[in-house]
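# Chain and residue survey
Spelled out from the first residue to the last, the chains are:
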Amino acid sequence: MNLYPNILTPPMDSPTSSMMSPGSDSRSPTHLFTPYQLPNPYLRIREPPVDKFRFRYKSEMSGTHGSLNGKTSDRSRKQTFPSVELSNYNQPAIIRCSLYQYGREDMAHTRQLHAHRLVKKHGSDEIDDPHDVSVNCDLGYIANFHSMGIIHTARKYIVAELIRKMTILKREEIARTEHQFRSLTKKEELEVKALAEKESKCINLNVVCLRFDAYRIVNNIYYPICPPIYSPAINNLKSALTGDLRIVRMDHCTSPCRGGREIFILVEKVTKKNIKVRFFELDDDDNEVWEDYGRFSDLDVHHQYAIVFKTPPYKHSEIDKEVRVFIELQRPSDGARSEPKDFSYIPSEISIGKKRTRLNSGDYTNSYFSIDELPVTLNTITPSCNKEITTSVHNTTINSEDLEAALKQNNIDSSEFDKLCNSLIGTVPMRELFTAENLTTRELKSLVFSGTSIKHPVVQEDGVIDQVKSELTSFMKTEPSSDRICLMLKALIQGENYITLNKNTVLHLLAAEIHTEDEFATYLLQLVKKFEKGKLLNVRNVSGQTPLHLAVEFGNKTFVEKLIEVQADITVQDKHGNTPLHMAVLEGVPNDILLTLISVYQNLNIEVDVYNYDGKTPLHMAVKSNNLHATKLLINCGANVNAIERKKGYTPLHLAVLGQNVDILNYLLDNTEAEWTREDFAQYNPFKLAKELMDCHDKQTFETYRIVENHLSSTNSRCEIDFVKKYSEVTDFSDECKNSLSDILDKNDTWKRLGKSLDFGHILHTDAFAAVQHPSKSLLTFAIVNGRSVKEIRDALVSLNEKKAVEIIDKMVMQY
DNA sequence: CGCAGCTTCCC
DNA sequence: CGGGAAGCTGC
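These figures come from a predicted structure and were not determined experimentally. (Residues numbered from 1 in each chain as written. Chains lettered and ligands numbered in written order. Predicted model: local features only at pLDDT ≥ 70, side-chain atom pairs only at ≥ 80, totals over all residues. Heavy atoms only, no water.)

## Structural notes on the protein's contact with DNA strand B
Residues in close proximity to DNA strand B include Arg-54, Tyr-57, Ser-59, Glu-60, His-152, Ala-154, Arg-155, Thr-271, Lys-272 and Gln-304, which together make up its full environment. Each atom of DNA strand B within 4 Å of the protein was classed as base or backbone; sugar and phosphate made up 76%. Within the side chain of Tyr-57, an N or O atom sits 2.7 Å from a phosphate oxygen of DNA strand B. Glu-60 has a polar side-chain atom sitting 2.7 Å from a base nitrogen of DNA strand B. Among the residues making up the surface near DNA strand B, the classes are represented as 2 nonpolar, 4 polar and 4 charged. (Near = heavy atom within 4 Å. Polar contact = N/O pair within 3.5 Å; in protein donor to acceptor, adjacent residues only side chain to side chain. Nonpolar A, V, L, I, M, F, W, Y, C, P; charged D, E, K, R; others polar.)

Below, the structure written as structure tokens:
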């Protein structure tokens, strides 16, 4: 069997694999120096550098500015650094890290020096690249490059910097070929200078990469052991050419499917000639099935921070339901993209018109009624009783006996329905029903919605309800067949003469009434349910609202219940994408209406997190309207407490902070899984938002901030407790941990300082420690045996400021 | 001059 | 430290 299955070639996923073709690099006379018959040595990146980093100018380098971390570095727990490993080699060597220009992967061997400086902090001084790290059998063949920063060389110094770097390399090259050290000749200097000047013209100052070399040193001369390898690109975080693309905010998150909607988006720094707004759609398997671009010109990009564009048309010019797509920024120069945001295409028209057209031209109109002539057309239903009905049609004040008779006569076979009719007739005198004061809908509306700004269609004809009532009553007296009832219902609900200007049907009008017409409403709804299978219950008005929307909006609890009882569709979205549930959480709507709706959601197991066209779920709206009760109900019903609102990426917590809704804020923080770490599109978490909004003179904002902060600190202290608890469970170091610690503590007699700190000063001089190869390992074992806890040893290292060692121990404990 | 990009400065 | 912005420079 092959003992080195993966060693001859580095893993294929390694970004450096293209460098490894054997013998491809004539500059590395590997064969001359290979001491044993080992497979070819090679370098491998264990941890690439982060791909985005802020390059600092020299003038910015005073004080500490974070170092170039490894890609998997985590701010809070584990900091990592760029790291490489030399394999198939067993002699002392050095691994070098220097700064190079980034270029195409397949052209890596042609990459040139970069004019920026890779500086490493060592105490107070900065050391320029190249950085050499010694490796050997004892130390292992891994080199970590920490505390490095990238200094952005100012334009005017670029040539000088290149010359400086090139000269160093040239001298090493001379030593290698001539086996002696000497300065450059005048001619060589000129060559270097010419090269530097040529290079300086085409360097991309906002992208660099790290190059790693492995050398063996003979008589101070560096001989490459293997071909160099390069890290992936490191982009300058501060540049508009390479910086993060981000959509921070948008004023709309939907567009009609025909496109052309003007949208303003705020973005992180972009350059006008180098930015696109891309829309795309993914299918269920994440395959892209459509894309198009927002339409705008240079003039529409405002100061690098805002773009005004028109949406492209969706691939279909007509859609019958919302289509979810994504919107993102795209930078042509390097293909970079922003994080995509949710966006929706919505049908261009409310489909009510379509339905009615079909009905009007369809079966019943031609064969039975002519819509134009209604209500007169009723006459044609039963030619035999034309006269009778006609008279009652024009007389809207039917007496209760008429209705009573109609109700009695209708031959509905469902016993339940009969029961309903009987109870209706039995419990409420019909006389009362009809002689009751004729409250107008307008009066009722003002009664219920005094002071609220909810917009709703104004009913144009108060008489419609009465009219329908009388039509229906008379009609039912004729003992019509089921078919005919069905047609009659269609006519009364969708016929043009019974629809107001805003396309409200009689059901909409009933929804807007309160406490009047209860019995008639029940009767009508049951008829529709029974004979029409409920289809007419969900007819939409000009705003796309169903009767249920209106009943909810008007706080008409009984009608909501009636509609639900006859199984009206509660998922219909109006033209703003609002479901009745969205309306139910608004201020002024009685809580029990919401409760009624929610119980339906629960029974039918329907998703409550529906987004309206404003990009909000009912929960967002509940929080926004400071409705604690609704917030609780929705969350209990399974609403996602961390759902993101689509225009600015706010979670319910953000919204609570923003509205200073203290009760909701407390509730979300204390009783739900709402996460304060969630960031909005502008990368503000709710805490940061609260801090930003805080004004010491404003009690409200201050209180809001205090709540979030208190919650945070109590969570943190809880973390601290967890931390201590975790430590109490770990009684010894793992071998792996000991090895890592020994790499650090064996050096510079650090282990001695640790020993002293642990009160073992008296025995530090004995051979027990000093004579062994890894004194710190012995010390650690000794310390544990002598009753020191892992935590005590860790804390001792904290006081010695051995951050790396502390980190290693923390990591071990956390993984325990 | 005005805009963008570059550099420095500041908290 | 990261973010913001002022001031400078070249087009």
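## Considerations on the sheet that holds strand β3 (residues 56-57)
Strand pairing in a sheet relies on backbone hydrogen bonds. The paired strands run either parallel or antiparallel. Here we have 4 strands laid out as an open sheet, ordered β3-β10-β6-β7, and mixed in their pairing. Every interior strand has two partners, whereas the edge strands, β3 and β7 (125-127), have only one. (Pairing = 2+ DSSP bridges. Helix = DSSP H or I, 4+ residues; strand = E, 2+ residues; numbered from the N terminus.)

## Some details on helix α20 (residues 628-636)
Taken residue by residue, α20 has Ala-630, Thr-631, Leu-633, Leu-634 and Ile-635 as its buried positions. In the core, the buried residues of α20 are packed alongside α17 (580-584), α18 (591-604), α19 (618-624) and α22 (662-671). Looking one or two residues beyond α20, the residue adopting positive phi is Gly-638, at roughly 100 degrees. (Buried < 20%, exposed > 50% of the residue type's maximum accessible area, 1.4 Å probe, protein only. Contact = heavy atoms within 4.5 Å.)

## Structural notes on unusual backbone geometry
Glycine aside, a negative phi is what most residues show, and trans is what most peptide bonds show. Cis peptide bonds are those with omega within 30 degrees of zero, and the linkage from Asp-129 to Pro-130 qualifies with 5 degrees. Mapping Pro-130 onto the fold places it in the loop between β7 and β8 (131-135). The residue His-179 is not glycine, and still its phi comes out positive at about 55 degrees. Position of His-179 among the secondary structure elements: in the loop between α2 (158-178) and α3 (186-200). Classification of His-179 as exposed rests on a relative accessible area of 55%.

## Observations concerning the side chain of Asn-538
Topologically, Asn-538 is positioned in the loop between α14 (518-532) and α15 (547-553). Contacts of Asn-538, omitting those with residues within four sequence positions, involve Thr-546, Ala-568 and Asp-569.

## A closer look at the packing of helix α16 (residues 557-565) against α18
Closest axis-to-axis distance for the α16/α18 pair is 9 Å, and the angle between their directions is 10 degrees. Here α16 is positioned roughly parallel relative to α18, judged by the angle of their axes. Residues Lys-557, Val-560, Glu-561 and Ile-564 of α16 lie in contact with α18, whose contacting residues are Asp-592, Ile-593, Thr-596, Leu-597 and Val-600. Residue classes in the contact of α16 with α18 are distributed as 5 nonpolar, 1 polar and 3 charged. (Axes fitted to C-alpha atoms, helices over the stretch in contact; angles between N-to-C directions. Parallel < 35°, antiparallel > 145°, perpendicular 65-115°, else oblique.)

## Overview of the nonpolar core
In a soluble, globular protein the nonpolar side chains are often hidden away together inside. Grouped together as the largest cluster of nonpolar side chains are 83 residues, with contacts concentrated most on Leu-472, Leu-489, Val-506, Leu-510, Leu-524, Val-552 and Leu-668. No other element matches α14, which puts 8 residues into this core. Of all hydrophobic cores here, the second largest spans 29 residues; its members include Phe-53, Ala-93, Val-135 and Val-208. (Core = buried A, V, L, I, M, F, W, Y, C linked by side-chain atoms within 4.5 Å.)

## A look at the pairing of strand β17 (residues 276-282)
Counting buried positions along β17 gives 5 out of 7 residues, so the element sits mostly inside the fold. Looking at chain direction, β17 and strand β21 (residues 323-331) are connected through 5 bridges and run antiparallel. Within β21, the residue paired with Phe-280 across the bridge is Phe-326. Both β17 and strand β18 (residues 288-293) contribute to a ladder of 5 bridges, which runs antiparallel. Within β18, the position partnered with Phe-279 by the bridge is Asp-292. Taking the residues between adjacent antiparallel strands as the criterion, β17 and β18 are bridged by 5 residues, where Asp-286 takes a positive phi near 65 degrees.

## With respect to the pairing of strand β12 (residues 221-230)
With 10 of 10 residues buried, β12 lies mostly within the body of the structure. Bridge count for strand β11 (residues 207-218) against β12 is 7 bridges, and the pairing is antiparallel. The residue of β12 that forms the bridge with Ile-217 is Tyr-222. Where β11 hands over to β12, the hairpin turn is made up of 2 residues, of which Asn-219 adopts a positive phi near 50 degrees.

## Observations regarding the sheet that holds strand β4 (residues 83-87)
The 3 strands are arranged β1-β4-β9 in an open sheet whose pairing can be described as antiparallel. Bordering the open sheet on either side are β1 (42-47) and β9 (142-144), each of which pairs with just one other strand. Sheet twist, expressed as the mean angle between neighbouring strand axes with direction ignored, is 25 degrees.

## Brief notes about the packing of α20 against α22
Where α20 contacts α22, the axes come no closer than 9 Å and their chain directions differ by 25 degrees. On the basis of the axis angle, α20 is roughly parallel to α22. The interaxial crossing formed by α20 with α22 has right-handed handedness. Across from Leu-628, Thr-631, Lys-632, Ile-635 and Asn-636 in α20, the residues of α22 making contact are Asp-663, Ile-664, Tyr-667 and Leu-668. Tallied by class, residues from the contact of α20 with α22 come to 5 nonpolar, 2 polar and 2 charged. (Left-handed = near helix turned anticlockwise from the far one by under 90°.)

## A word on α18
Here α18 is 14 residues long and its end C-alpha atoms lie 20 Å apart, about the 20 Å a rise of 1.5 Å per residue gives. Buried within α18 we find Ile-593, Leu-594, Thr-596, Leu-597, Ile-598, Val-600 and Tyr-601. For α18, the secondary structure elements touched by its buried residues are α15, α16, α17 and α20. Of the residues one or two after α18, Asn-605 is the one with positive phi, at around 55 degrees. (Expected span 1.5 Å × (residues − 1).)

## Some words on the packing of aromatic side chains
Going through the model one piece at a time under the given rule, you end up with 14 aromatic pairs. Centroid distance Phe-145 to Phe-212: 5.6 Å. Interplanar angle 40 degrees. Geometry classified as tilted. Taken together, the residues Phe-145 in the loop between β9 and β10 (148-152) and Phe-212 in strand β11 connect sequence positions 67 residues apart. Residue Phe-145 is classed as buried on the basis of its relative accessible area, which comes to 0%. Ring-pair connections join several aromatic residues into one group, and the members of that group are Phe-279, Trp-290, Phe-309, Tyr-314, Phe-343 and Tyr-345. Here Lys-276 stacks its cationic end above the ring of Tyr-293, 4.8 Å away from the centre of that ring. (Phe/Tyr/Trp six-rings, centres within 6.5 Å; stacked < 30°, edge-to-face > 60°. Lys NZ or Arg CZ within 6 Å of the ring centre and 35° of its normal.)

## As for the UniProt feature "repeat: ANK" (unreviewed entry) in chain A
Mapped onto this numbering, the UniProt entry gives "repeat: ANK" (unreviewed entry) at residues 543-575, 576-609, 614-646 and 648-671. This span, residues 543-575, is 48% helix and 0% strand, and a straight line between its end C-alpha atoms measures 5 Å. Helix makes up 71% of residues 648-671 and strand 0%, whereas the separation of the span's terminal C-alpha atoms amounts to 25 Å. (UniProt positions renumbered as here; feature names shortened; annotations may be inferred.)

## A few points about the environment of Asn-541
Structurally, Asn-541 can be placed in the loop between α14 and α15. Residues Asn-541 and Asn-502, spaced 39 residues apart in sequence, show a C-alpha to C-alpha distance of 6.2 Å.

## Thoughts on the pattern of salt bridges
Applying the stated rule across the entire model yields 30 salt bridges. With a shortest N-O distance of 3.1 Å, Glu-85 and Arg-44 are connected by a salt bridge. Linking Glu-85 in strand β4 with Arg-44 in strand β1, this pair joins segments that are 41 residues apart in sequence. Across the salt bridge formed by Asp-342 and Arg-646, the nearest N and O atoms sit 3.9 Å from each other. Here Arg-646 lies in the loop between α20 and α21 (652-658) and Asp-342 lies in strand β23 (residues 341-346), a separation of 304 residues in the sequence. Among the ionic contacts, a cluster of salt bridges with common partners joins Arg-278, Glu-288, Glu-291, Glu-328 and Arg-337. (Salt bridge = Lys/Arg side-chain N within 4 Å of Asp/Glu carboxyl O.)

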